[in-house]
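# Remarks on the overall topology
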Amino acid sequence: MDVKAKGAKWLSLALYLMAGFSFSACSDDDEGEGGGGAGSGVAAQQMPKVADAGIQFPVTQYLEHDGSYIETYTYSNGRMTGGSYPYGSISMGTYSLGIYSISSNPLVLTEQRDDRSSTFRNIRVNGNGFMTYAELFSDNDRGSFTWRYDAEGHLLSESGNMTYSDGGSSSWTCTNTWENGNLMNAEFRYEEDGEVDSEVCTFTYGDGQWNNPGVYPAHWIKATLLEMPILFYSGLMGRTTKNIPTSVTRIDFDGNETTYNTVAVNYNQDRSIQSIEVQNVSSYGSSYTETYRFGYADYPIQQQSGYSATPAWKSPKAVHSLKARRMMKRK
């Protein structure tokens, strides 16, 4: 297993980027807006309109800070219709495309690669079109996921479990706390074979600084076990934060602390976000800048000095991320 697959999964496994919640969410959720469990919501027939998740500008390209690949998405009539991401080896001069396929009536989302495919089926959604339940099938691995939201459409929690082809199993919970439309705290707990790991992330925001028109903080996405940006930018995972965090502090399962300070948020002329620059400062004393870029129909990502759009190894998503977590635990 490559280093990126091992490191990226736990780069921020408690920070869950998705949408703004409030402290009153528990009572609102109990009234039926959030839902949870296989019986919650209704069978999904199609993707939601991204505008229903508060996404003002549909993201067509997403470039991670290392510049190794660009994930792309397509839309029609305000709904995501598919996407792709490159994976392969620069050193060998070869790479392939992972394809996201979306079908309707009922809604099914498939990630297809040369070496495998993973499929979300039996998807259920609430009245806003946000996922409340889904089952994941990949080779002989099986899993189920449950999500809960507040009345404002912000993700409160995720819980799930997986059974693997080798006979093993795991379970996890992600719990988020929100205030005034911004994510304040995220806690992740992962259990396997009676052992529990946990991570905690805290977020801070400036006084109205850096309005967020609909992108999801990268380290929150990486906190999800699936680590699939497409689930967020399709609108399936609810509303994002009201503002871009000025800093995120993460304490990982080994007790190591890392702070991500936002250096700059760069906007296009229409006020869509072009890029976010983050200074990564770890307890080991290292410090470097990460830049995340976003492309749109009117503002595609342009080639910049300092990074290459040529794809490097991109670790598989979905079930593979869970397997990577398990392999790390066994070392």
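Remember, predicted model here, so these are calculated numbers, not experimental data.

## Some points on the packing of aromatic side chains
Applying the stated rule across the entire model yields 12 aromatic pairs. When the centroid spacing of 5.7 Å and the interplanar angle of 5 degrees are considered together, the rings of Phe-145 and Trp-147 count as stacked. The pair Phe-145 / Trp-147 is uniform in exposure class, with both members buried. Between Tyr-216 and Tyr-233 the ring centres are 5.2 Å apart and the planes differ by 85 degrees, which places this aromatic pair in the edge-to-face class. On the criterion of sequence distance, the pair formed by Tyr-216 in the loop between strand E13 (195-204) and helix H3 (218-221) and Tyr-233 in helix H4 (residues 229-233) is long-range, its members being 17 residues apart. Residue Tyr-216 shares its accessibility class with Tyr-233, and that shared class is buried. Ring pairing ties together the aromatic residues Tyr-62, Tyr-73, Tyr-216, Phe-232, Tyr-233 and Phe-294, which thus form one cluster. We note Arg-271 situated over the ring of Tyr-267; from NZ or CZ to the ring centre the distance is 3.9 Å.

## As for the side chain of Glu-111
Inspection of the secondary structure puts Glu-111 in strand E6 (residues 108-112). Within polar-contact distance, the side chain of Glu-111 engages the side chain of Tyr-85 at 2.3 Å.

## Things to note about the nonpolar core
Grouped together as the largest cluster of nonpolar side chains are 65 residues, with contacts concentrated most on Phe-120, Met-131, Val-215, Leu-231, Tyr-233, Ile-273 and Phe-294. Residues within four places of Ile-273 in sequence aside, it is in contact with Asn-211, Asn-212, Pro-213, Val-215, Ile-244, Val-265, Asn-266, Tyr-267, Asn-268, Phe-294 and Tyr-296.

Definitions and limits used
Residues numbered from 1 in each chain as written. Predicted model: local features only at pLDDT ≥ 70, side-chain atom pairs only at ≥ 80, totals over all residues. Heavy atoms only, no water. Phe/Tyr/Trp six-rings, centres within 6.5 Å; stacked < 30°, edge-to-face > 60°. Buried < 20%, exposed > 50% of the residue type's maximum accessible area, 1.4 Å probe, protein only. Helix = DSSP H or I, 4+ residues; strand = E, 2+ residues; numbered from the N terminus. Lys NZ or Arg CZ within 6 Å of the ring centre and 35° of its normal. Polar contact = N/O pair within 3.5 Å; in protein donor to acceptor, adjacent residues only side chain to side chain. Core = buried A, V, L, I, M, F, W, Y, C linked by side-chain atoms within 4.5 Å. Contact = heavy atoms within 4.5 Å.

Everything listed here is a matter of geometry and, on its own, says nothing about what the molecule does.
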